[in-house]
Amino acid sequence: MGKRITSSSPCLLFLFFFFSLVLLGCPSLGHPNYKDALAKSILFFQGQRSGRLPTGQQITWRSNSGLSDGSLAHVDITGGYYDAGDNVKFNFPIAYTTTMLSWGTLEYGKRMGPEIQNARAAIRWATDYFIKCATATPNTLYVGVGDPTTDHKCWERPEDMDTTRTVYSVSTSKPGSDVAGETAAALATASMVFWKVDPKYSRLLLATAKKVMQFAMQYKGAYSDSLGSTVCPFYCSYSGYKDELLWGAAWLWRATNDASYLNFLQTLGANDATDIFSWDNKLAGARVLLARRTLVDNDKRFESFKQQAEDFMCRIIPNSPSSSTSYTQGGLMFKLAESNLQYVTSITFLLSTYAKYMSASKYTFNCGNVRVSSSTLRNLAKQQVDYILGENPLKMSYMVGFGANFPKRIHHRGSSIPSKASHPQAFGCDNGFQSFFYTSNPNPNTLTGAIVGGPNQNDGFPDDRTNYSHSEPATYINAAIVGPLAYLAGSYSS
């Protein structure tokens, strides 16, 4: 007698197949598992932590590091994050990381579900550090720890660091309006994240942000000029400091509603056109933020910022007559060859967020004869996120630990060297190169959620640890995608 096929059997088979895909983080029902990607994008920051790790640390192959940071200047500036695959704390990009994480949480926190707690913890790990940097010494802002030249000559775990932990700062005589403006933006944005859940901490963040912003406005100058080879060519302020003053003042104004910040930013004359948004150039971000007042609150004082924001969007959209942005054959936005995904995630955040503001008033605009709606921007943002998560010619997820096929040889010291738990003996400065840097073996430690620099202009990716332009993760790549992932996770159930 033949086996009877019941009507429920196809459903059971479908459910088995469906949940298998969900567990893998693979595409299901036509889109990736955004909730899984969101959780992993935030978890990544635990792998970048410096200082004494908390008991709830989930990336367990990391251990305490940098416990004497600041001692050479007789201050305590332990904590914070290593910016990328090295063991240096560069405050300029880490502050941008913090601003973007906070902005994403402000805009999309209601879509994060339980991940909002982890997002707040990631933000607080940075802001606790920035408070130390801003308050340890009067009229001084500490802006980095670790000699980048010496550090980059070593391939060792952060737990084994034996290089000099040089401390860098800006002051009234050595100004740094760019790094100070970005630090103020980070503290002010974070203060809004904690307004309801921790009012006392929120007030501390805002009070510190005001002091740092006053310092940035009063003592004008680029930190690259003050610190030279300490920060260049690593994180030079190529765009100058007006964009950070605009950005910082915009965030302080949103956090305080103090008209003095509005008056200040209106006198800056930061009107250059741009088609980029990154840790260096904040013009587009500031314009989108300020345009919110026109689009959401119908405040016509910000019409010029709305026009500038739309000029930026028209330079990004593929079929716009004024587009200055290239796209790969596979559909990825391509700005610069080195760590291109940092620009993709940051610009994708602006696309998603401007679309959110537009939809509040059912607003549209034109790029020449091309009509742009909120859906236009959201569809482009989704395309970029989906590409990063594996919908690309190589079927490669550029987020470590997401999906079945992802980078295994990332340019990251801690990930590429056996952990202290598996190898308690220290590896010296030079010992890591031959055994762990140049090997073709996969990294022994998975830096879950890390997004690497990404593919080249031909959609190719070598998965080569020595090729840092494509294989190095960075905090600012991840920070900018958290918001769009939260939006998509709340819009598409997996």
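Refer to the structure above for everything that follows.
Residues numbered from 1 in each chain as written. Predicted model: local features only at pLDDT ≥ 70, side-chain atom pairs only at ≥ 80, totals over all residues. Heavy atoms only, no water.

1. As for the sheet that holds strand E3 (residues 167–171)
Turning to step 1, where the next piece is worked out: Here three strands make up an open sheet; going across it, the order is E1-E2-E3 and the pairing antiparallel. Both outer strands of the open sheet, strand E1 (89–90) and E3, are each paired with one neighbouring strand and no more.
Turning to step 2, where the next piece is worked out: Pairing geometry for strand E2 (residues 140–145) and E3, over five bridges, is antiparallel. Each bridged residue has a counterpart across the sheet, and for Gly-144 the counterpart in E3 is Tyr-168. (Pairing = 2+ DSSP bridges. Helix = DSSP H or I, 4+ residues; strand = E, 2+ residues; numbered from the N terminus.)

2. Some thoughts on the pairing of E2
Turning to step 1, where the next piece is worked out: Taking burial as the measure, the six residues of E2 include six buried ones, the bulk of the element.
Turning to step 2, where the next piece is worked out: Sheet analysis places E1 next to E2, joined by two bridges and oriented antiparallel. Each bridged residue has a counterpart across the sheet, and for Phe-90 the counterpart in E2 is Gly-144. (Buried < 20%, exposed > 50% of the residue type's maximum accessible area, 1.4 Å probe, protein only.)

3. So, helix H3 (residues 91–108)
Turning to step 1, where the next piece is worked out: Here H3 is 18 residues long and its end C-alpha atoms lie 25 Å apart, about the 26 Å a rise of 1.5 Å per residue gives.
Turning to step 2, where the next piece is worked out: Counting buried residues in H3 gives 17 out of 18 residues, a clear majority hidden from the surface. (Expected span 1.5 Å × (residues − 1).)

4. Focus on the packing of aromatic side chains
Turning to step 1, where the next piece is worked out: Applying the stated criterion across every chain yields a total of 32 aromatic pairs.
Turning to step 2, where the next piece is worked out: On the basis of an interplanar angle of 85 degrees and a centroid distance of 5.3 Å, the ring pair of Phe-194 and Tyr-201 is categorised as edge-to-face.
Turning to step 3, where the next piece is worked out: An aromatic cluster of at least three residues, connected via ring pairs, comprises Tyr-96, Trp-103, Tyr-108, Trp-247, Trp-251, Phe-277, Phe-349 and Tyr-487.
Turning to step 4, where the next piece is worked out: In this structure, Lys-356 is placed above the aromatic ring of Tyr-108, and the distance from its NZ or CZ to the ring centre is 5.4 Å.
Turning to step 5, where the next piece is worked out: One residue, Lys-382, lies across the ring of Tyr-492, its end atom 5.2 Å from the ring centre. (Phe/Tyr/Trp six-rings, centres within 6.5 Å; stacked < 30°, edge-to-face > 60°. Lys NZ or Arg CZ within 6 Å of the ring centre and 35° of its normal.)

5. Focus on helix H6 (residues 177–193)
Turning to step 1, where the next piece is worked out: Taking 1.5 Å as the rise per residue, H6 with 17 residues should run 24 Å; its terminal C-alpha atoms sit 24 Å apart, in good agreement.
Turning to step 2, where the next piece is worked out: Burial within H6 is extensive, with 17 of its 17 residues counted as buried.

6. Here's the deal with the pattern of salt bridges
Turning to step 1, where the next piece is worked out: By the definition in use, this model includes 20 salt bridges.
Turning to step 2, where the next piece is worked out: Lys-40 is the partner of Asp-36 in a salt bridge, and the nearest nitrogen-oxygen pair spans 3.1 Å. Residue Asp-36 and its partner Lys-40 are both found in helix H2 (residues 34–43); the two are separated by four residues, about one turn of the helix. Considered together, Asp-36 and Lys-40 belong to a single accessibility category, that of buried residues.
Turning to step 3, where the next piece is worked out: The partner of Lys-282 in a salt bridge is Glu-182, and the shortest N-O contact between them spans 2.6 Å. On the criterion of sequence distance, the pair formed by Lys-282 in the loop between helix H10 (259–266) and helix H11 (283–295) and Glu-182 in helix H6 is long-range, its members being 100 residues apart. When sorted by exposure, Lys-282 lands in the same class as Glu-182, which is buried. (Salt bridge = Lys/Arg side-chain N within 4 Å of Asp/Glu carboxyl O.)

7. Here we look at the side chain of Ser-224
Turning to step 1, where the next piece is worked out: Looking at the element boundaries, Ser-224 is found in helix H8 (residues 223–227).
Turning to step 2, where the next piece is worked out: Ser-224 sits in the buried class, given a relative accessible area of 12%.
Turning to step 3, where the next piece is worked out: Those residues in contact with Ser-224 that lie beyond four places of it in its chain are Val-231, Cys-232, Cys-236 and Ser-237. (Contact = heavy atoms within 4.5 Å.)

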